[in-house]
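An overview of the molecular structure
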Amino acid sequence: MSDAIVQTSPQRQPQARPVLSWAGWLALFWLLLMHGAQAQVHPLETLPTEPLGRWMNILIESGPPLSIKEALQQQRQGAFQPGDSDVAKFGIAAKPVWLHLAVGNNQALPAKRRLEIEISWLDRIELYQVHGNQLVAQSIAGDANTAHRSPLAGLGYVFDLTLPPGRSDIFLRVATPDPLVVPVRLLDTAQAEALQLQYDYGYGVLYGFLLALIAYNAMLFIGLRERSYLDYTLYLGSFVLLHLGYTGHAYVWLWPQQTSFQQYAIPLLMVIFSCFGLRFASGFLNLRQHAPVARRLVHWQVTLGLILIFSTVAMQRQQDTVLVAFLFVLLFSVVMVWLGIITIRHGRIAGRYFLAAALTTMLGTSVTALAVWHGLPYTSISFHAAGWGVVIEGILLALALAYRMRQHQQARQQAEQLASTDPLTGLLNRRAFFEHAGPVWSTALRSNRHLSVLMADIDHFKEINDGYGHAMGDKVLAEISRLLAAACRSGDIAARWGGEEFVLLLPETDAAQACQLAERLRGEIECLKFGSAGQGFRLSASFGIAQLGDHESLDKLIHDADAWLYRAKQTGRNRVASNWQPSHA
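Residues numbered from 1 in each chain as written. Predicted model: local features only at pLDDT ≥ 70, side-chain atom pairs only at ≥ 80, totals over all residues. Heavy atoms only, no water.

**Brief notes about the nonpolar core**
Put simply, the test is: We call a set of buried Ala, Val, Leu, Ile, Met, Phe, Trp, Tyr and Cys residues a nonpolar core when their side-chain atoms join them within 4.5 Å. Between buried and exposed lies partly exposed: a residue is buried under 20% and exposed over 50% of the maximum accessible area for its type, with that area taken using a 1.4 Å probe on protein chains only. By the criteria applied, helices consist of DSSP H or I runs no shorter than four residues and strands consist of E runs no shorter than two, each listed in order from the N terminus. Note on definitions: a residue-residue contact is assigned when non-hydrogen atoms from the two residues lie within 4.5 Å.
One finds Leu115, Ile117, Leu172, Leu186 and Phe354 to be the most contacted residues of the largest nonpolar core, which totals 106 residues. It is helix H6 (residues 259–284) that provides the largest number of residues to this core, a total of 13 residues. In contact with Phe354, other than residues within four places in its own chain, are Phe280, Ala281, Phe284, Leu285, Met336, Leu339, Gly340 and Leu397. If you look at the next biggest cluster of nonpolar residues, it comprises 32 residues, including Ala456, Ile480, Leu539 and Val576.

**Remarks on helix H9 (residues 318–345)**
Where we set the bar: Helices are assigned an expected span. That span is 1.5 Å times one less than the residue count.
With 28 residues, H9 should reach 40 Å at 1.5 Å per residue; the first-to-last C-alpha distance of 41 Å fits that figure. Gly347 occupies a position one or two residues after H9 and carries a positive phi of about 80 degrees.

**Examining the packing of aromatic side chains**
Just so we agree on the cut-off: Stacked, edge-to-face and tilted are the three classes for Phe, Tyr and Trp ring pairs, Trp counted by its six-membered ring, which pair at centre distances within 6.5 Å; planes under 30 degrees apart are stacked, over 60 edge-to-face, the rest tilted. Here, over-ring charges are defined by two tests on the NZ atom of lysine or the CZ atom of arginine: distance to the ring centre within 6 Å, and angle to the ring normal within 35 degrees.
Counted under the stated rule, the structure contains 24 aromatic pairs. Arranged with centres 5.9 Å apart and planes meeting at 10 degrees, the rings of Tyr203 and Tyr207 form a pair that is stacked. Of this pair, Tyr203 and Tyr207 both sit in helix H3 (residues 189–224), four residues apart, which is roughly one turn of the helix. Here Tyr203 falls in the buried class, since its relative accessible area comes to 8%. Ring geometry for Phe433 against Phe434: centres 5.6 Å apart, planes inclined by 75 degrees, an arrangement best described as edge-to-face. In this structure an aromatic cluster arises from ring pairing among Tyr232, Tyr235, Phe239, Phe273, Phe280, Phe284, Phe332 and Phe354. Just above the ring of Phe221 sits the side chain of Arg225; from NZ or CZ to the centre is 5.5 Å. Over the ring of Trp497 we find Arg430, and its NZ or CZ is 4.1 Å from the ring centre.

**Notes on helix H13 (residues 430–447)**
Heads up, the rule is: Bend, at a single residue, is the angle you get between axes fitted to the 7 residues ending at that residue and the 7 residues starting at it.
End to end, H13 covers 25 Å across 18 residues, agreeing with the expected 26 Å (1.5 Å per residue, within 8%). Of all the bends in H13, the greatest, near 35 degrees, is centred on Ala437, and the proline Pro439 appears no more than four residues after it. Every buried residue of H13 is listed here: Ala432, Phe433, Ala437, Val440, Trp441 and Ala444. Backbone geometry just after H13 places Asn448 at a positive phi near 55 degrees.

**Details of the sheet that holds strand E13 (residues 451–458)**
What holds strands together in a sheet is hydrogen bonding between their backbones, with the strands either parallel or antiparallel. The following threshold applies: At least two bridges found by DSSP between two strands are what make those strands a pair. Inter-axis angles, ranging from 0 to 180 degrees, are taken between N-to-C directions of lines fitted to C-alpha atoms, where helices are fitted over the stretch in contact.
Within the open sheet, the five strands sit side by side as E14-E15-E13-E18-E19. Their pairing is mixed. If you trace the sheet from one side to the other, it starts and ends with strand E14 (493–498) and strand E19 (576–578), each paired once. Sheet twist, expressed as the mean angle between neighbouring strand axes with direction ignored, is 20 degrees. Sheet topology note: the E13/strand E15 (residues 501–507) ladder contains seven bridges and is antiparallel. Following the sheet pairing, Ser452 is matched in E15 by Leu506.

**With respect to the state of the cysteines**
What we call a disulfide is simply a covalent bond connecting the sulfur atoms of a pair of cysteines. Note the threshold: We call a pair of cysteine sulfur atoms a disulfide when they lie within 2.5 Å.
Here the structure, examined in full by the defined rule, presents zero disulfides. For Cys527, which is in no disulfide, the shortest distance to another cysteine sulfur is to Cys515 and amounts to 19 Å.

**Some points on the environment of Asp160**
The criterion, for reference: N or O atoms closer than or at 3.5 Å make up a polar contact, with two conditions inside protein: a donor-capable atom paired with an acceptor-capable one, and, for residues adjacent in sequence, both atoms drawn from side chains.
Tracing the sequence through the fold places Asp160 in strand E9 (residues 157–163). Judged by relative accessible area, which is 58%, Asp160 ranks as exposed. Sequence separation of Asp160 and Asp188 is 28 residues, and the distance between their C-alpha atoms is 9.8 Å. Setting aside anything within four residues of it in sequence, one finds Asp160 in contact with Arg113 and Arg114. Only 3.2 Å separates the side chain of Asp160 from the side chain of Arg114, close enough to count as a polar contact.

**Here we look at a nonpolar patch on the surface**
Quick note on the threshold: Only residues whose relative accessible area exceeds 30% and that form no salt bridge enter a patch; like-charged residues are grouped when within 9 Å of one another, and nonpolar side chains (Val, Leu, Ile, Met, Phe, Trp, Tyr) when within 5 Å. The Shrake-Rupley method, run with a 1.4 Å probe sphere, supplies the accessible areas, and residue values consider only the shown protein chains as cover. A pairing counts as a salt bridge when a side-chain nitrogen of Lys or Arg comes within 4 Å of a carboxyl oxygen of Asp or Glu.
Together, Leu241, Val252, Trp253 and Leu254 give the surface a local cluster of nonpolar side chains, amounting to about 370 Å² of exposed area. Summarising the element assignment, Val252 is placed in helix H5 (residues 249–253). Using a relative accessible area of 33% as the deciding quantity, one classes Val252 as partly exposed.

**Thoughts on the side chain of Thr343**
Looking at the element boundaries, Thr343 is found in helix H9. Among the polar contacts listed, one links the side chain of Thr343 to the backbone oxygen of Leu339, at a separation of 2.8 Å.

**A look at unusual backbone geometry**
One can expect most non-glycine residues to show negative phi and most peptide bonds to be in trans. In the Ramachandran plot, His460 falls in the positive-phi region, its phi being about 55 degrees despite a non-glycine side chain. Inspection of the secondary structure assignment puts His460 in the loop between E13 and helix H14 (461–468). Accessibility expressed as a relative area gives 41% for His460, which makes it partly exposed. Even without a glycine there, the phi angle at Arg573 is positive, about 65 degrees. Relative to the elements of secondary structure, Arg573 occurs in the loop between helix H17 (554–570) and E19.

**Remarks on the environment of Tyr199**
Locating Tyr199 in the fold gives a position in helix H3. Under the relative-accessibility criterion, Tyr199 is labelled buried at 7%. Counting along the chain gives 119 residues from Tyr199 to Phe80, while the straight-line C-alpha distance between them is 33 Å. When residues no more than four places from it in sequence are discounted, the contact partners of Tyr199 are Glu118, Gly154, Leu155, Arg185 and Ser380.

**Brief notes about the pattern of salt bridges**
Applying the stated criterion to the full structure yields 22 salt bridges. Put simply, Glu50 and Arg185 hold a salt bridge, and the shortest N to O gap is 3.9 Å. A residue pair is termed long-range when its members are at least 10 positions apart, and Glu50 in the loop between strand E1 (42–43) and strand E2 (57–60) and Arg185 in strand E12 (residues 184–187) qualify at 135 residues. Among the residues examined, Glu50 registers a relative accessible area of 46% and is labelled partly exposed. A salt bridge links Glu479 to Arg482; the nearest nitrogen and oxygen atoms lie 2.5 Å apart. Taken together, the positions of Glu479 and Arg482, both in helix H15 (residues 470–487) and three residues apart, correspond to about one turn of that helix. Glu479 gets classed as partly exposed once you look at its relative accessible area, which sits at 23%. Exposure remark for Arg482: the relative accessible area of 45% places this residue in the partly exposed category. What emerges from the salt-bridge pattern is a single network uniting Glu61, Arg124, Glu126 and Arg173.

**Points about the packing of H14 against H15**
Counted only if it meets this: Here the word oblique covers every angle except those under 35 degrees (roughly parallel), over 145 (roughly antiparallel) and from 65 to 115 (roughly perpendicular). Each residue gets one label: Ala, Val, Leu, Ile, Met, Phe, Trp, Tyr, Cys and Pro are nonpolar, Asp, Glu, Lys and Arg are charged, and the others, such as Gly, are polar.
Viewed as axis vectors pointing N to C, H14 and H15 meet at an angle of 140 degrees, and their least axial separation amounts to 6 Å. Considering the angle they form, H14 stands oblique to H15. Touching Phe461, Ile464, Asn465 and Tyr468 of H14 are His470, Met472, Gly473, Val476 and Leu477, all from H15. Looking at the contact of H14 with H15 residue by residue, the classes come out as six nonpolar, three polar and no charged.

Below, the structure written as structure tokens:
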């Protein structure tokens with residue numbers, strides 16, 4: 001600005017008198033007005049390190065853009081209003097605003113200060129520094145033009161000022177169709193370095209945790225091929241991109257100088273993040289099976305959100321794009337909580353973890369969205385609430401995914417157990433018997449060790465079923481199985497061979513030892529009592545035993561034991577027969 005900016009000196013308010021004429025009252029009113037028009041000068045040493053919204057005066061443009069001369073004139077005429085919050089905030093698609101701060105340097109030398117505005121998405125920032133009646137510095141920043149000063153990663157827009165001794169007036173004109181929020185700090189070198197160090201550590205911890213969580217879930221997906229881990233990886237990854245976007249890191253690191261993309265990147269990422277979150281919720285909560293109606297509503301919400309956001313981008317309606325994004329994020333937070341409640345109502349324990357995580361996300365994203373838009377005061381904590389909310393959510397969802405993994409493992413183990421065991425007796429079935437017996441057979445052959453097979457059959461079992469019913473028959477089978485399982489050593493293998501027949505594979509056991517075991521079992525079975533006192537009955541069982549000799553296979557050995565069992569039954573039942581000694585009672 002080539003012309004000098006004339007500054008009127010403050011006038012003293014005259015002493016009040018008991019009686020004033022109309023002219024006196026008019027003069028007094030004018031003096032008070034002029035005194036109020038002069039903004040209070042704040043000594044530099046009294047300024048806090050926190051945002052200076054309450055220390056500044058604000059003017060919202062109501063017509064054509066004002067020049068600095070016109071803004072200064074408006075300020076001296078009292079058009080600027082005192083700020084009523086630490087951070088000036090005006091909402092989405094607000095009119096351009098002017099902010100004025102009067103500071104005083106009471107030292108003899110110029111003072112170095114750094115003016116910081118930690119918001120990175122502002123389209124245009126004009127800074128003017130007036131000293132005395134002269135414009136001594138001006139600068140333009142913003143992400144709408146590559147020729148303007150760009151934001152610094154994590155810090156926003158930074159201006160280095162030199163404040164001469166005496167009074168300096170700092171004017172800021174800010175315009176953007178995005179949420180217009182202007183947290184202004186004026187810091188000395190030490191304060192600026194401390195704040196930057198604080199942000200660097202905070203972002204380092206936040207991104208380090210989120211990237212570790214992404215890597216962990218990505219590896220789980222690669223190893224397990226479980227869709228939930230992929231969806232959660234995409235969900236976290238989209239949030240990291242979103243957070244990098246609205247903190248300014250992405251504009252500096254990922255798409256520098258891409259101003260056209262920068263105008264729409266943050267709202268686009270907000271919607272994409274929400275869509276990935278809904279996709280993860282649908283798969284993790286298994287809505288297809290447990291809540292198909294809710295799944296369809298989620299599907300339509302995702303589809304509608306993507307259509308709306310890309311339509312506004314295609315039509316280059318930046319204000320509408322931002323509005324759609326904020327509304328979609330708030331709706332997303334509510335829907336996630338609703339899905340968690342539905343899942344709990346269906347009795348799924350994992351839904352409790354999910355609901356707690358969803359509540360955390362809703363709180364964090366809602367606080368951040370409302371803090372930069374409308375409804376909540378802007379603070380550093382509220383601005384970063386979404387990031388730390390997702391961190392807590394990540395911990396809770398990691399527990400939920402771990403719980404679900406345990407459920408899958410237990411289900412798989414139960415399925416394997418059901419496939420390998422007889423459901424009535426709990427013993428191995430015939431297929432599982434051969435799977436377990438194969439290594440034992442190979443070891444016995446290779447090491448020339450003793451190995452015997454014991455076959456057992458309940459005598460007259462059909463008569464028990466016919467006379468006392470199948471429920472009593474099942475009870476008999478279960479009790480005999482309990483006796484056989486209790487008699488087995490750690491290396492023995494017991495199985496239900498079929499019907500009322502059982503088989504035991506006895507490693508490190510010769511026929512004589514197997515016969516001793518069979519005699520003990522025969523006696524215990526003979527002592528069992530079933531039924532009521534007046535209608536009770538006793539059992540007996542027959543046993544056949546074969547010891548490994550020149551048998552070509554395990555099947556041959558089992559066939560030999562079965563042949564001895566048949567001989568025991570043919571010679572009177574309730575006895576043991578083997579290839580070691582003649583059958584005996």
